[in-house]
Amino acid sequence: MERSAAAKAAVQWAAADAERRHLGLRIVHVREQRPGEHARGCCANTLTSAADLARATAGGIQVTTELVAGTVVDRLLAESETADSVVLGSRGLGELAGMLAGSVSLAVAGHATGPVVIVRGPDNTKHGRVVVGYDNSEHAEAAMQYAVEHARAHGARLHVLHAWQTPIFSPYLTAWNSLMVEVYQEESRAVTENLTRWCEKNPDLDITHETLSGHPVGVLARAGAMADLVVVGSRGRGGFTSAVLGSVGHGVLHHVTCPVAVVRPRKEES
């Protein structure tokens, strides 16, 4: 926890979410520098201000705070082992224009045990809509479960997006073109069948589904402009299998401007 606008927005988001889901809120400030009276006092004031902000946002929740020493990423990863989710503020533009996520956000999102929510900054606009990227992978199933629970707790609609990158067809490769059409039809059919099961298991939710042509990052970024939260798996079918945080999750953290939840199946090891 720090004093930036994004950190304050993260506290408010976490407090509101904890209230909706009947959870307590633990606020952690990591002190990386050597112990000292001035630094300790400054950190304590930061925690006190954060706790006051959380209680002002959601007065009915239990709020606890702790000042811990160590490296930020390591301590937050340790916290993720026992937390329902970890909420972070992202401090904005890095070296590349349009890149919104910082190194801490990317590292924690890629290695945390459970869901990680990245909050950009204060935004009072509410759309009543949660968007989740879905591609039939194990990580997408975990993302769907989180999105369903979040939408239910917040009384929001759930919109499921499946992005399909249309391959380049050649007039000289008829067999290849036919194969691509078959792959697309089979994948779309499998997605529809799985989503039908999700709808049947959650009849109380307003769940809609859309398959769009385009890169998943671009599709989710556009949808995020009218969403309160975008949810993705830590890694999906389109990601690099050697990467802990897949290419889609990485891209979404950089380009989606509303809060983003990156969800990783808990049974996986970091």
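Everything below is about the structure printed above this text.
These figures come from a predicted structure and were not determined experimentally.

Asker: Looking at this structure, I do not really get the packing of helix 1 (residues 5–20) against helix 5 (residues 138–154). What am I missing?
Answerer: In a pair of packed helices, the angle between the axes and the distance between the axes together describe the arrangement. Where helix 1 contacts helix 5, the two axes come as close as 9 Å, and the packing angle between them is 80°. Regarding the angle of helix 1 to helix 5, the classification is roughly perpendicular. In this structure, helix 1 contributes Trp13, Ala16, Asp17 and Arg20 to the contact, and helix 5 contributes Tyr146, His150, Ala153 and His154. Class assignment for the residues of the contact of helix 1 with helix 5 results in four nonpolar, two polar and two charged.

Asker: Just to check I follow, could you spell out the pattern of salt bridges for this structure?
Answerer: Opposite charge on two side chains makes pairing possible when the charged atoms of those side chains draw close. Going through the model one piece at a time under the given rule, you end up with five salt bridges. With a shortest N-O distance of 3.2 Å, Arg21 and Asp17 are connected by a salt bridge. An identical accessibility class is assigned to Arg21 and Asp17; each is buried. The salt bridge partner of Arg152 is Asp204, with a shortest N-O separation of 2.7 Å. A residue pair is termed long-range when its members are at least 10 positions apart, and Arg152 in helix 5 and Asp204 in the loop between helix 6 (174–201) and strand 7 (207–213) qualify at 52 residues. The exposure class assigned to Asp204 is exposed, which follows from its relative accessible area of 52%.

Asker: Just checking my understanding: could you explain the side chain of Ser80 for this structure?
Answerer: Here Ser80 is to be found in helix 3 (residues 72–80). Polar contacts involving the side chain of Ser80 include one to the main-chain carbonyl oxygen of Leu77, which spans 2.6 Å. Only 3.0 Å separates the side chain of Ser80 from the backbone nitrogen of Thr113, close enough to count as a polar contact. Excluding residues that lie within four positions of it along the chain, Ser80 makes contacts with Val86, Ala112, Thr113, Gly114 and Arg266.

Asker: So what exactly am I meant to see when it comes to the sheet that holds strand 9 (residues 260–263) here?
Answerer: Strands pair in a sheet through their backbones, by hydrogen bonds, and they do so in one of two ways: parallel or antiparallel. Strand order in the open sheet formed by seven strands is 3-4-9-8-5-6-7, and the pairing between neighbours is mixed. The open sheet has two edge strands with one neighbour each: strand 3 (86–89) and strand 7. Shown here is a sheet whose adjacent strand axes are inclined to one another by a mean of 20°, direction ignored. Across five bridges, strand 5 (residues 129–133) lies against strand 6 (residues 157–164) in parallel orientation.

Asker: Would you mind showing me how to read unusual backbone geometry here?
Answerer: Excluding glycine, residues mostly have negative phi values, and the peptide bonds linking residues are mostly trans. We note that His22 has phi near 60°; this positive angle belongs to a residue other than glycine. The topology assignment puts His22 in the loop between helix 1 and strand 1 (25–31). We classify His22 as exposed; its relative accessible area is 75%.

About the thresholds
Residues numbered from 1 in each chain as written. Predicted model: local features only at pLDDT ≥ 70, side-chain atom pairs only at ≥ 80, totals over all residues. Heavy atoms only, no water. Axes fitted to C-alpha atoms, helices over the stretch in contact; angles between N-to-C directions. Helix = DSSP H or I, 4+ residues; strand = E, 2+ residues; numbered from the N terminus. Parallel < 35°, antiparallel > 145°, perpendicular 65-115°, else oblique. Contact = heavy atoms within 4.5 Å. Nonpolar A, V, L, I, M, F, W, Y, C, P; charged D, E, K, R; others polar. Salt bridge = Lys/Arg side-chain N within 4 Å of Asp/Glu carboxyl O. Buried < 20%, exposed > 50% of the residue type's maximum accessible area, 1.4 Å probe, protein only. Polar contact = N/O pair within 3.5 Å; in protein donor to acceptor, adjacent residues only side chain to side chain. Pairing = 2+ DSSP bridges.

Purely geometric stuff here, so don't read any function into it on its own.
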